Number of protein chains: 2
Amino acid sequence: MNEHTSRRNDAPERVIAQLAAAARAAAQVLARAESARKDKALRAAAATIRDSTAAIVEANRLDLDRAKSLTAAGQDRLRLDPKRIGGIAEGLEAIAGLPDPIGREDQAWTRPNGLAISRVRVPLGVIGIIYESRPNVTADAGGLCLKSGNAAILRGGSESVESSRAIERCLHAGLAAAGLPQAAIQLVPSQDRALVGAMLTAQGAIDVIVPRGGRSLIERVLVESRLPVIGHLEGICHVYVDRAAELEMARRIVLNAKLRRTGVCGAAETLLVDAACASTHLRPILEDLFAGGCEVRGDAQTQAADPRVRPATEQDWRTEYLDAIISVRVVGGVEAAIEHIETYGSHHTDAIVTDDGATAGRFLAGVDSAIVLHNASTQFADGGEFGFGGEIGISTSKLHVRGPVGAEHLTSYKYLVRGTGQIRP
Amino acid sequence: MNEHTSRRNDAPERVIAQLAAAARAAAQVLARAESARKDKALRAAAATIRDSTAAIVEANRLDLDRAKSLTAAGQDRLRLDPKRIGGIAEGLEAIAGLPDPIGREDQAWTRPNGLAISRVRVPLGVIGIIYESRPNVTADAGGLCLKSGNAAILRGGSESVESSRAIERCLHAGLAAAGLPQAAIQLVPSQDRALVGAMLTAQGAIDVIVPRGGRSLIERVLVESRLPVIGHLEGICHVYVDRAAELEMARRIVLNAKLRRTGVCGAAETLLVDAACASTHLRPILEDLFAGGCEVRGDAQTQAADPRVRPATEQDWRTEYLDAIISVRVVGGVEAAIEHIETYGSHHTDAIVTDDGATAGRFLAGVDSAIVLHNASTQFADGGEFGFGGEIGISTSKLHVRGPVGAEHLTSYKYLVRGTGQIRP
């Protein structure tokens, strides 16, 4: 091979085209693979991950050694210990335990002319996943794609490259144990950022892109991609405490929605309190938040309720803090709460706390978000909590899939039409 | 208003932004409108169309007078007579008679922690539809969007502008009769092609674009659009006549699939004949095709069967003729047929004719197309024939919707989660 050939073969588009061709061939095998074979691969991969704990920890140490410049939170996201590695294996086993979405008949009817039509689920094909430093995404995304009969091309963050490679080896061992092609799950071969661009323009070779990470990653993907994107922009989630809210339940839900974990997209960012119960409910809820170490930015009435409350600006209502900060506003009842959420929210996840069924019904109907909860924490916005056996992300789009994206959402369908010689008049 | 202001207000982006803002407000009303109110609007629009037959014919005459340069087929697509106008009204009434997809609970389950999750259908929002000369699309698309609670921004072909405006007036009368906002269905105010570009880049203002027309229109939309597109590229549809095909059924289906209408996307373009029955089945089928005025381009074996068969080139297997031309190939059984279809087809609609159930099952499973038929004509690839009450198009994408696009496919969903105070541990 001369230098010219070598350069041409290394062009990012060429690299992605080769990966995608192998992925397409694998996808055709996966599309026809029986459920038991896919589940065997998932369970064998989980077992290999458990057996490889020491090697994965060692690979992860190489990543951590190079990641000294990351924040403590960033290093924590990157870190794998035996417990977390066990969690990754359990995640794959949970996916193996789910029903197979492929081949499921989800509609069937007969036409007056006798044609029997059924709609059955099929895989999408080749899915490109672009993510950041969490190495567990390698297994979660690879596993969900495999379950749904899709081939995955994975491009993880540079910080986690050794960890992801170690996990990829285990996934490949699982595929091999089940007699499935290794190209079903492929990490891109280098961290060259041009490969990301090549993935985003691989029309016809990759069927859909799933970005998973922070806002800057998602925005780059949305701007540059020429392929369909299943993505999640931001989660400006609200809790509305209604006049008919039971105070202790409201306190518990607000505290959990805001502070259980502040960096997740389902964390509450804004608290709306019904003016009709502000005099009784606002102060104790603020007490809980301050006791939990939360900064509070409020409107005039909230500031009047507690001197520690800082003034909220218009921008606060539009901000996803992903931190121990909350904006608080007193509103004139459920209709005003819905209006605030529709004006400032991101259509992700919003909750009402109330004992009034009619008011709850009004809120559930009126809030146009992927997930609308009554008397429960917004932190349930999670594929695992929905019973999807993990998630590849949460979609804030209304097209194809909305909310948590599990294996069943990585599918399309086809119509099977059975006749007896019918022709169209 | 000075000249500067006037120019700014007429900028294509501004025009579309104003239409889209009105559409968004209307969409919020439509999303909450009861089924009976939407159906009342559809029926009132249908009645107005019938009552306005003379006015619509007159508007159509203006279009036809300007369309002398169109082909005969083009003029026929454009022409409206009382019978076709009656058909448009019937189409709206058929849509009114469908179940309302909005608010339908399509999944429901309870989690171990007691959270009750249900998934209900909601509208997409604002849909932009870009189409060519068929004026009936104005009513079909507007009606399907209305049924599914979406606002529609319509940009029809320049040839049909007067006809479309006459139909729009009837739709507005129907909306008014039901107390629904007229901005639910809006034609763009001029035929300036820059308005198409402005629609395709109206991120956040229009939620999805549906192009409906020929390949050059679809390709322009796919290249230029920064919005999600529900589109249809081409229909290279196949009929495979298996060794176990009943000859009379095969003749009837091939003739209908190819020649009933040659310009529709579900028309067959390629006939595959099992080598095991070529000696008995090929010649009579070719006779029928020639008798129907069809040109046949075939492989060597097909040429040997009839001297009128011209040679097929590699390009023929990839060509959507949309005309009275068919390519014919003899293949070595169902597996070879599947391989041909997967290699050359467009994943639109393909049919097998066979009396062997196992072979049919193999074909239905192995062909990855939106519609796969057994013993029926490919010309059933149509939303009306599927019982969707018409269609806004046929999607060849696997994302969001595949195959005929009816009212129920112009929806998304949201999850309603009902708890009793649950927080996430």
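Residues numbered from 1 in each chain as written. Chains lettered and ligands numbered in written order. Predicted model: local features only at pLDDT ≥ 70, side-chain atom pairs only at ≥ 80, totals over all residues. Heavy atoms only, no water.

Draft legend 1. The arrangement of the overall build of chain A in detail. Of the regular secondary structure elements, chain A holds 15 helices and 16 strands. On C-alpha atoms alone, chain A measures out to a radius of gyration of 24 Å, which is about the 22 Å that the 2.2 N^0.38 rule sets for 425 residues. Overall size of chain A, expressed as C-alpha extent along the three principal axes, is 75 × 70 × 40 Å. The contacts of chain A with a sequence gap of at least 6 include a subset with a gap of at least 24, amounting to 71%. Counting only carbon and sulfur atoms, one obtains 51% of the accessible surface of chain A, whose full area is about 16,000 Å². (Helix = DSSP H or I, 4+ residues; strand = E, 2+ residues; numbered from the N terminus. Rg over C-alpha atoms; globule rule 2.2 N^0.38 Å. Contact = heavy atoms within 4.5 Å. Areas by Shrake-Rupley, 256 points an atom, 1.4 Å probe, with all protein chains shown as cover.)

Draft legend 2. Region of the structure containing the side chain of B:Ser395. All names here are of chain B. Turning to its location among the elements, Ser-395 is positioned in strand 14 (residues 394-395). At a separation of 3.1 Å, a polar atom in the side chain of Ser-395 contacts the main-chain amide nitrogen of Ser-397. For Ser-395, the contacting residues outside a window of four places in its chain are Ile-230, Gly-231, Ala-370, Val-401, Arg-402, Gly-403 and Val-405. (Polar contact = N/O pair within 3.5 Å; in protein donor to acceptor, adjacent residues only side chain to side chain.)

Draft legend 3. A look at the packing of aromatic side chains. Throughout the structure, instances matching the rule amount to 16 aromatic pairs over all chains. Ring centres of A:Trp109 and A:Tyr415 lie 6.3 Å apart, and the angle between their planes is 85°; this geometry places the pair in the edge-to-face category. Note that A:Trp109 is positioned in strand 1 (residues 105-110) and A:Tyr415 in strand 16 (residues 411-422), a separation of 306 residues in sequence. Overall, A:Trp109 belongs to the partly exposed group, its relative accessible area being 22%. Members of the aromatic cluster, each reached through a chain of ring pairs, are A:Trp109, A:Tyr413, A:Tyr415, B:Phe386 and B:Phe388. One Lys or Arg, B:Arg119, reaches over the ring of B:Tyr413 and ends 3.9 Å from the middle of that ring. One Lys or Arg, B:Arg329, reaches over the ring of B:Trp317 and ends 5.3 Å from the middle of that ring. (Phe/Tyr/Trp six-rings, centres within 6.5 Å; stacked < 30°, edge-to-face > 60°. Buried < 20%, exposed > 50% of the residue type's maximum accessible area, 1.4 Å probe, protein only. Lys NZ or Arg CZ within 6 Å of the ring centre and 35° of its normal.)

Draft legend 4. Highlighting the pairing of strand 3 (residues 126-131) of chain B. Residues and elements named next belong to chain B. Counting buried residues along strand 3, six of its six residues qualify, which places the element largely inside the surrounding structure. Alternating positions in strand 3 separate into two faces, Val-126, Gly-128 and Ile-130 on one and Ile-127, Ile-129 and Tyr-131 on the other, with burial throughout. Pairing geometry for strand 3 and strand 4 (residues 151-155), over five bridges, is parallel. Bridge pairing links Ile-130 to Arg-155 in strand 4. In this view, the connection linking strand 3 to its parallel neighbour strand 4 by way of helix 7 (residues 136-147) has right-handed handedness. (Pairing = 2+ DSSP bridges. Right-handed = clockwise from strand over helix to strand, strands pointing away.)

Draft legend 5. Spatial organisation of the pattern of salt bridges. The tally for this structure, following the rule as stated, stands at 62 salt bridges over all chains. Note that A:Arg424 is salt-bridged to B:Glu385, the shortest N-O span being 3.3 Å. Here B:Glu385 lies in helix 16 (residues 383-386) and A:Arg424 lies in the segment after strand 16, a pairing that spans two chains. Judged by relative accessible area, which is 16%, A:Arg424 ranks as buried. Linking B:Asp368 and B:Lys398 is a salt bridge whose minimum nitrogen-to-oxygen distance equals 2.8 Å. A residue pair is termed long-range when its members are at least 10 positions apart, and B:Asp368 in the loop between helix 15 (357-366) and strand 13 (371-376) and B:Lys398 in the loop between strand 14 and strand 15 (403-404) qualify at 30 residues. Several salt bridges converge on common partners, so that one network encompasses A:Glu295, A:Arg297, A:Arg310 and A:Asp316. (Salt bridge = Lys/Arg side-chain N within 4 Å of Asp/Glu carboxyl O.)

Draft legend 6. Highlighting the side chain of A:Ser148. Residues and elements named next belong to chain A. Turning to its location among the elements, Ser-148 is positioned in the loop between helix 7 (136-147) and strand 4 (151-155). In this structure the side chain of Ser-148 is engaged in a polar contact, spanning 2.7 Å, whose partner is the backbone oxygen of Leu-144. Only 3.1 Å separates the side chain of Ser-148 from the backbone oxygen of Cys-145, close enough to count as a polar contact. When sequence neighbours within four positions are dropped, the list of residues in contact with Ser-148 reads Pro-101, Ile-102, Pro-123, Ala-407, Leu-410 and Thr-411.

Draft legend 7. Region of interest: the sheet that holds strand 4 of chain A. Residues and elements named next belong to chain A. If you walk across this open sheet you meet the four strands as 5-4-3-6, and the pairing is parallel. Looking at strand neighbours, the two that pair on one side only are strand 5 (185-187) and strand 6 (208-212), the edges of this open sheet. Neighbour to neighbour, the strand axes of the sheet diverge by 20° on average, direction disregarded. Along the sheet face, helix 7 touches strand 3 (126-131), strand 4, strand 5 and strand 6 and points at about 165° away from the line of strand 3. The strands touched by helix 10 (residues 215-224) are strand 3 and strand 6; relative to strand 6, the strand with the most contacts, the crossing angle is about 160°. (Axes fitted to C-alpha atoms, helices over the stretch in contact; angles between N-to-C directions.)

Draft legend 8. Spotlight on the interface of chain A and chain B. Counting residues at the interface gives 71 residues for chain A, matched by 72 residues for chain B. Between chain A and chain B, roughly 5,600 Å² of surface is buried when both sides are summed, and carbon and sulfur atoms account for 48% of that area. Along the contact surface separating chain A from chain B lie four salt bridges. Here A:Asp382 and B:Arg424 are joined by a salt bridge, their closest N and O atoms 3.9 Å apart. At the boundary of chain A and chain B, one finds 50 residue pairs in polar contact (both at pLDDT 80 or more). Breaking the side of chain A that touches chain B down by element, the ones donating at least two residues are strand 1, strand 2 (116-123), helix 10, helix 11 (247-259), helix 15 (357-366), strand 13 (371-376), strand 15 (403-404) and strand 16 of chain A. The residue makeup of the side of chain A that touches chain B, split by class, is 33 nonpolar, 20 polar and 18 charged. Pairing between strand 13 of chain A and strand 16 (residues 411-422) of chain B: five bridges, direction parallel. When the sheet's bridge partners are listed, A:Val372 is paired in strand 16 of chain B with B:Leu416. (Buried area = accessible area lost by both parts, 1.4 Å probe. Nonpolar A, V, L, I, M, F, W, Y, C, P; charged D, E, K, R; others polar.)

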